[in-house]
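Here are the chains, one letter per residue:
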Amino acid sequence: MEKTQVEVPENVIDLGLGHPSLSLLPMDMLKASADKIFQAKDPTFLQYGPDEGGGYFRHMLSGWLSEKNRAFIAPESLFITNGISLGLDLVCTCVSRPGDTVIIEEPTYFYVYEIFKNHHLNIVSVPVDREGMVVEKLEHILKEVKPSFIYTIPFFHNPSSVSLSGNRMDQLFSLCRKHDALIVSDEAYQFLNFSPQFPVSLAIRGMGNKILSLGSFSKILAPGLRLGWIHSTPDLIKKIAGTGFVKSGGGLNPFTGRIVGAFMKNGSQDTHLASLKETYRKRAERMLAALKTCLPSDFEYAEPSGGFFVWIRMPEERDARDLLCKCEANGIKFKPGYLFSETGALHNFIRLSFSYYKEDRLSEGIERLAKVL
Ligand SMILES: Cc1ncc(COP(=O)(O)O)c(C=O)c1O
């Protein structure tokens, strides 16, 4: 029997899961693209590929990203990855040495702690508020520390759902130029905004800075594809493509890239993305409506305008760990705040996700949570 990363029993509602529902994975559309590639009788995509990624796929991705970002992105400025997770690992391999320091946000995506610790990096955190990373605090840190890079999630942040404001972005760019610091921008949720126009990638907006923007098909198509990209200047892309294991394996994902290239070419990616955006918007709306009626009035949260998450601050005296124990006994789960902090702080925060369940199940989940509270 095939299994997924997290198995949720039928009677439990796990609002901690930042995954798409299985029903949102477009089997038939992907099969049509795969059929087309296999019918073409050209087996090149089954061979070791170029280090940077397959030529056809990079070309298609260049066109797709250029349109979404309203700026030309050359194929030479793209490197194809197995997703952002591997992209981050690869960045650590290429630009850091054990004992170096990396600056991250707090809160931040919890798995990056493990990735950075695997590379024996020291972690220094900068807080996040409703405008994203507090760049003023970063400025103090950069006076003391020369980091390998600064890791940020600028769009629909995981877990806080905020986006870096235009002002903060400009401050970040000018500060990093002054200190010659590399920005590693995790843009997993860039295309999952609820409004029609997509935010522009940091690698475009901050042109002239040293920036690696990491994107992925995990949230806009299917995580199991393990497909993503790094967008940067051709010299940095060459450096990443020159890594030993990339060269040894002939690029990272020629097979999947070729199929997803065809998926983009026939318009399926755009059709699917438009439908996902609408689905997630409606799910977020339902979760917010339920939160409004069910949560105590001293719980605070910002309404997300994209992404997967609602990040809730409870009063100081509440502890998310205790609450989770009680919730689990009542068939409801979430992610407690301490997971998103390097020091295990943020005890009174919880992260809810609206990506995995349909509307009625989301309402039921919030009702269960409210009952425990
Ligand atoms: C901020 C962030 N970065 C990266 C990932 C993982 O991305 P990928 O599947 O492309 O490795 C996630 C998944 O939840 C995420 O939230």
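These numbers come from a predicted model, not from an experiment.

### Overview of the site of the ligand
Neighbouring the ligand are 13 residues, the closest being Ser-85, Asp-186, Tyr-189, Ser-216 and Ser-218. Asn-158 places a side-chain nitrogen or oxygen 2.9 Å from an oxygen atom of the ligand. Contact with the protein chains covers 92% of the free accessible surface of the ligand, which is 400 Å². Of the residues in the shell around the ligand, the class split is five nonpolar, five polar and three charged.

### Let's talk about the domain arrangement of the chain
When cut into domains, the chain gives domain 1 (13–26 + 270–372) and domain 2 (28–268). Measuring from the centre of the C-alpha atoms in domain 1 to the corresponding centre in domain 2 gives 25 Å. Interface area, domain 1 with domain 2, both sides summed: about 3,000 Å², of which 62% is carbon and sulfur. For the domain 1 face of the interface with domain 2, the top three residues by lost area are Pro-26, Lys-277 and Glu-342, together amounting to 22%. Between the two partners, domain 1 and domain 2, sit two salt bridges. With a closest N to O distance of 2.9 Å, Asp-270 and Lys-68 form a salt bridge. At the junction of domain 1 with domain 2, the criterion picks out 21 residue pairs in polar contact (both at pLDDT 80 or more). Elements with a minimum of two residues in the side of domain 1 that touches domain 2: helix 11 (268–294) and strand 11 (309–313). For the side of domain 1 that touches domain 2, the leading source of residues is helix 11, giving nine residues. Residue composition of the side of domain 1 that touches domain 2, grouped by class: 18 nonpolar, eight polar and six charged.

The rules behind these values
- Residues numbered from 1 in each chain as written.
- Predicted model: local features only at pLDDT ≥ 70, side-chain atom pairs only at ≥ 80, totals over all residues.
- Heavy atoms only, no water.
- Near = heavy atom within 4 Å.
- Polar contact = N/O pair within 3.5 Å; in protein donor to acceptor, adjacent residues only side chain to side chain.
- Areas by Shrake-Rupley, 256 points an atom, 1.4 Å probe, with all protein chains shown as cover.
- Nonpolar A, V, L, I, M, F, W, Y, C, P; charged D, E, K, R; others polar.
- Domains from an automatic or database assignment.
- Buried area = accessible area lost by both parts, 1.4 Å probe.
- Salt bridge = Lys/Arg side-chain N within 4 Å of Asp/Glu carboxyl O.
- Helix = DSSP H or I, 4+ residues; strand = E, 2+ residues; numbered from the N terminus.

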